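Residue strings, one per chain:
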Amino acid sequence: MNQDEQKDPGEASRKNHFPADDDDNVSNANEDNKITELEGPELTQEEIEEEKFRQLVLEAQREALAKEADLRNNPQPRKRRVPRWIVWLMALVLLFQPVVFIFDIYSLPAIDFLKTSAKLSKREDITKWKQSVVVVLTEDGKGTGFSVSPDGLIVTNNHVVENTKQITVSFEEQGRFSASLVAQDSVNDLAILQIKNPPDVPALKLAESPTYTPDTKVRFIGNPLNFFGIANEGKLIGESEWAGRNGPIILLDAPVYRGNSGSPVFQNNEVIGVVFAITELDSYGKVGMFIRSNEVLELLKDIE
């Protein structure tokens, strides 16, 4: 058994609280403890454990006192405090850095459509239409689509889903559904998807003979940039011939961005077209383009 383990508590306490510079006294105390250890009664296991714990406490006390004495004798130089204005400056830089990053990605007009969407989304008709507008996800990206029948037919652009192995359709509240491609029109950039066990959402009505009068206000819903379910509005510019297409396309003066492909364009509670691209005009700047609803109706006939 270690000699130090059976020291008298009083002796150890006194040694701990007074300078240990008298070697004779320390030696005498050790001898007394050794005699007590040899001649005293045998300790129980519980007493041994208590004594070990007491020694650990005393050791911790000695280390603390030695550390305190060392600090008094060898004081450390005081660290220089960082000026408060530097701290505030660093905080401001960290605060505004994400904002600058966002502006690098999205222009201010792109941010403005969020305000418009928030305002339009309070309308009862917009709220109803948004239930039927979906996110079309593929391994290459995402676009927009919308439900046109209770049995799960979804309209989108052909370029959103062409050459893809897996297509997923995501509703705002009902979640995701696996979809298959059942019809496509590469000339007019249209595609029809089919999902099984579709959710109970309103089927959007396609206009059979809409008019595309310039300056007429329309609304559309899609998933531009990294946002989802964004409602927006604009004005019709008019018809325009487009190389390789069966008929004219419609130009739209409105904030259309990447991800709006497949967005339904509404007028008088009907879908009058499907957004597929953007172009630039001298008199308008960037404008949207959409396919007329009668082209969608023709493609749907192929399924029937």
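Not measured: the values here are computed from a predicted model. (Residues numbered from 1 in each chain as written. Predicted model: local features only at pLDDT ≥ 70, side-chain atom pairs only at ≥ 80, totals over all residues. Heavy atoms only, no water.)

Trainee: An account of unusual backbone geometry is needed here, citing residue identities and associated values.
Mentor: Backbone geometry places Asp 189, a non-glycine residue, at a positive phi of 60°. Taking the relative accessible area as the measure of exposure, Asp 189 reaches 10% and is therefore buried. (Buried < 20%, exposed > 50% of the residue type's maximum accessible area, 1.4 Å probe, protein only.)

Trainee: I'd like a description of the sheet that holds strand E10 (residues 264-267), backed by residues and values.
Mentor: What the six strands build is a closed barrel, ordered E7-E8-E9-E12-E11-E10; its pairing is antiparallel. Averaged over neighbouring strand pairs, the angle between their axes works out to 45° when direction is ignored. Bridge count between strand E8 (residues 230-240) and strand E9 (residues 249-253): five bridges; the pairing is antiparallel. Across the sheet, residue Gly 238 finds its bridge partner in E9, namely Leu 251. Seen against the sheet, helix H8 (residues 293-303) touches strand E11 (270-281) and strand E12 (285-292) and runs at an angle of roughly 35° to E12. (Pairing = 2+ DSSP bridges. Helix = DSSP H or I, 4+ residues; strand = E, 2+ residues; numbered from the N terminus. Axes fitted to C-alpha atoms, helices over the stretch in contact; angles between N-to-C directions. Contact = heavy atoms within 4.5 Å.)

Trainee: Tell me about the pairing of strand E1 (residues 133-138), residues and numbers included.
Mentor: Here E1 lies mainly inside the structure; six of its six residues are buried. Side chains Val 133, Val 135 and Leu 137 of E1 all project onto a buried face; the interleaved residues Val 134, Val 136 and Thr 138 project onto the opposite face, where all are buried too. As paired elements, E1 and strand E2 (residues 141-147) share six bridges and run antiparallel to each other. Considered in E2, the bridge of Val 134 is made with Gly 145. Linkage of E1 to E2, two consecutive antiparallel strands, is achieved through a turn of two residues. In this structure, E1 lies alongside strand E4 (residues 167-171), joined through three bridges in antiparallel fashion. By the bridge assignment, Val 136 is partnered in E4 with Val 169.

Trainee: Can you break down the confidence of the model for the chain residue by residue, with the values?
Mentor: Scored by pLDDT, the chain comes out at a mean of 78, with 65% of its residues at no less than 70. At the level of individual helices and strands, the chain shows its lowest average pLDDT in helix H2 (residues 23-39), which scores 40, and its highest in strand E3 (residues 153-156), which scores 98. Note that residues 1-41 has pLDDT below 50 and, in this model, 33 contacts with residues that lie over four places away or in other chains. With pLDDT under 50 throughout, residues 99-105 is counted as low confidence; its partners more than four residues away or in other chains account for two contacts. (pLDDT = per-residue confidence, 0-100.)

Trainee: So what about the pattern of salt bridges? Which residues, and what values?
Mentor: Applying the stated criterion across every chain yields a total of five salt bridges. Note that Arg 123 and Asp 125 form a salt bridge whose closest N and O atoms lie 2.8 Å from each other. (Salt bridge = Lys/Arg side-chain N within 4 Å of Asp/Glu carboxyl O.)

Trainee: Now, about H8: what can you tell me, with residues and values included?
Mentor: Every buried residue of H8 is listed here: Ser 293, Glu 295, Val 296, Leu 299 and Leu 300. Each buried residue of H8 lies within a common arc of 155° when the element is viewed along its axis, so the set occupies one face. More than 90 degrees from the buried face of H8, the exposed residues found are Lys 301 and Asp 302. Each element contacted by the buried residues of H8 is listed here: E3, strand E5 (175-185), strand E6 (190-195), E11 and E12. (Arc of directions from axis to C-beta.)

Trainee: Explain the pairing of E5 to me, using residue names and the numbers behind them.
Mentor: Sheet topology places E4 next to E5; five bridges connect them, and they run antiparallel. Of the residues in E5, the one forming a bridge with Thr 168 is Ser 178. The turn joining E4 and E5, which pair antiparallel and follow one another in sequence, is formed by three residues. Here E5 pairs with E6 via six bridges, running antiparallel. By the bridge assignment, Ala 183 is partnered in E6 with Ile 192. With antiparallel pairing between neighbouring strands as the criterion, E5 and E6 make up a hairpin whose turn holds four residues, including Asp 189 at a positive phi of roughly 60°.

Trainee: How would you sum up the side chain of Ser 132? Please name residues and give values.
Mentor: Inspection of the secondary structure assignment puts Ser 132 in the loop between helix H6 (124-130) and E1. In this structure Ser 132 comes out as buried when scored by relative accessible area, which is 0%. Of note is the side chain of Ser 132, whose polar atom sits 2.2 Å from the backbone oxygen of Pro 202. In this structure Ser 132 touches Gly 145, Phe 146, Ser 147, Val 201, Pro 202, Ala 203 and Leu 204, once residues within four positions along its chain are discounted. (Polar contact = N/O pair within 3.5 Å; in protein donor to acceptor, adjacent residues only side chain to side chain.)

Trainee: Provide a residue-level description of the sheet that holds E6, including the pertinent values.
Mentor: As summarised here, the arrangement of the six strands in space is E1-E2-E3-E6-E5-E4, forming a closed barrel in which the pairing is antiparallel. With direction set aside, neighbouring strand axes in the sheet form an average angle of 40°. The sheet contact formed by E2 and E3 spans two bridges and is antiparallel. Residue Phe 146 lies in a different strand from E3, and its bridge partner there is Val 155.

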